Amino acid sequence: MSKLVTIYGGSGFVGRYIAQRMARQGWRVRVAVRRPNEAMFVKPYGVVGQVEPVFCNIRDDDSVREVMSGADAVVNCVGILAESGRNTFDAVQHEGAGRIARIAAEQGVGRLVHVSAIGADIDSDSVYARSKGQGEEDVLAAFPSAVILRPSIVFGPEDEFFNRFAGMSRMAPAIPLFGAQTKFQPVYVDDVAAAAEMAVLGKAESGIYELGGPDVATFRELMHTMLGVVRRRRLVIGLPFWVGRAMGRVFGALSFLTGGLAPSPVTVDQVRQLARDNIVSDGARTLADLGIRPTSLAAVLPSYLWMFRPDGQYSDLTRSAKNLRG
């Protein structure tokens, strides 16, 4: 019988790419998510019955244990960018991560891969980064042979980074940024999935890997790169961090008073994160240590940001026609 991997958060941005890779390897894939009915798109990743979405709440021991039963390997991709109700950073990224690792050890799972983030730090003033660091600590305490992957900003067709700002460029005359000079090292989503695949297959040594692409650029430079791809001219305005913190408090209060009906476009914690560079640290193990050549932004961004161009998929034809008329 083929081996089984349980992927917590397997229908998310990174998780779905890992699920596809493991299906191609011939593994059975159990995609553990909160809303299985919204994850049915993963089923065609393999043959009939090979990839199955199942319900799981990682805040509950029994739920985590049930979907892990019989698994040869476990991958945890669950993470949140903002807190909502009971899904706090601590509950999901700290306690949830530790729970998965503890139960994996109890059940004798062979391999555990945990997807964290660059900047994970138990001493950080950012609740997000602190919960990531605490999650890593608990994972290694329960499952010392785990492989931990720390990606920088992840890009790809379904990302919430370049897509978000490209969408903004359609209507807004300017793109405001907090942390315009903060450096990022965007990593392609399938490169992260390839690293997870190697870890599941036992081709990666245990420990922490920091994953970044070949391009290191400031937030402002990344926005200019994106604008070049979507062929729009927009002002990119750097705003001071104190303005971001003030906006975060105001929007946070409005969100609280409306019961989440008015979601905050920026939080105080996100502004704190933007104050620190998000790049691979010196001496860290990287994609190169896994034999993976990182994919550049230029090789991928045009393949999905074309929809934000003034003429969409016909942009190249329009430009050619203009040249002919000229």
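For every chain, the first residue of the written sequence is number 1, and numbering continues from 1 along that sequence. Confidence filtering applies because this is a predicted model: local features only for residues at pLDDT of at least 70, side-chain atom pairs given and counted only at 80 or more, and all residues used for totals across whole chains, interfaces and linings. Note that the side-chain values use all heavy atoms of the structure and ignore hydrogens as well as water.

Colleague: Even after reading the chapter, I still don't get the nonpolar core, so can you show me in this structure?
Modeller: In a soluble, globular protein the nonpolar side chains are often hidden away together inside. To qualify as a nonpolar core, a set must consist of buried Ala, Val, Leu, Ile, Met, Phe, Trp, Tyr and Cys residues joined through side-chain atoms within 4.5 Å. Each residue is assigned to one of three classes by its accessible area relative to the maximum for its type, calculated with a 1.4 Å probe on protein chains only: buried under 20%, partly exposed between the two thresholds, exposed over 50%. In this structure, I18, V29, F162, M223, M226 and L305 are the most contacted members of the largest nonpolar core, which totals 68 residues. Elements are defined by DSSP. Helices are runs of H or I of four residues or more, strands are runs of E of two residues or more, and each kind is numbered from the N terminus. Here this core takes nine residues from helix α6 (residues 189–200), the largest share from any one element. Not counting the four nearest positions on each side in its chain, I18 is found in contact with I7, V75, C77, A193 and A196. Contacts were defined at the residue level, with two residues in contact if any of their heavy atoms lie within 4.5 Å.

Colleague: Quick question: what am I supposed to make of the environment of L211 here?
Modeller: Relative to the helices and strands, L211 resides in strand β11 (residues 207–211). Spatially, the C-alpha atom of L211 lies 6.2 Å from that of S152, the residues being 59 residues apart in sequence.

Colleague: Please explain helix α2 (residues 61–68) as it appears in this structure.
Modeller: What sets the pattern is the α-helix's 3.6 residues per turn: residues three or four places apart point alike. Within the span of α2, buried status applies to S63, V64, V67 and M68. Buried residues of α2 fall within an arc of 125° about the axis and therefore sit on the same side. Residues D62 and E66 are exposed on α2 and point more than 90 degrees away from its buried face. Where α2 is buried, its residues touch β1 (4–8), β2 (28–33), β3 (51–55), β4 (73–76) and α3 (89–106). For the purposes of these results, a polar contact is taken to be a pair of N or O atoms within 3.5 Å, where, inside protein, one atom must be able to donate a hydrogen and its partner to accept one; residues adjacent in sequence count only when each atom of the pair is a side-chain atom. Its side-chain oxygen placed 3.2 Å from the backbone nitrogen of D62, D60 serves as the N-cap of α2. Comment: arc refers to directions from the helix axis out to C-beta atoms.

Colleague: Would you mind showing me how to read α3 here?
Modeller: Its 18 residues place the ends of α3 24 Å apart at the C-alpha level, agreeing with the 26 Å of an ideal helix rising 1.5 Å per residue. In this analysis the local bend is the angle between axes fitted, respectively, to the seven residues ending at and the seven residues starting at the residue. The largest bend in α3 comes to about 35°, at G96. For α3, the tally of buried residues reaches 13 of 18 residues, placing the bulk of the element in the interior. Looking at the residues trailing α3, positive phi occurs at G108, about 70°. To estimate the expected span of a helix, subtract one from its residue number and multiply by 1.5 Å.

Colleague: It is not clear to me how the sheet that holds β2 should be interpreted in this structure. Could you clarify?
Modeller: Backbone-to-backbone hydrogen bonds join strands into a sheet, with any given pair of strands oriented parallel or antiparallel. Pairing between strands requires that DSSP locate at least two bridges from one strand to the other. If you trace the seven strands from one edge of the open sheet to the other, you get β3-β2-β1-β4-β5-β6-β11, paired in parallel fashion. Both outer strands of the open sheet, β3 and β11, are each paired with one neighbouring strand and no more. When strand polarity is set aside, the average angle formed by the axes of neighbouring strands in this sheet is 20°. By the bridge criterion, five bridges tie β1 to β2 in an arrangement that is parallel. Lines fitted to C-alpha atoms define the axes here, with helix axes fitted over just the stretch in contact, and angles between the N-to-C directions of these axes take values from 0 to 180 degrees.

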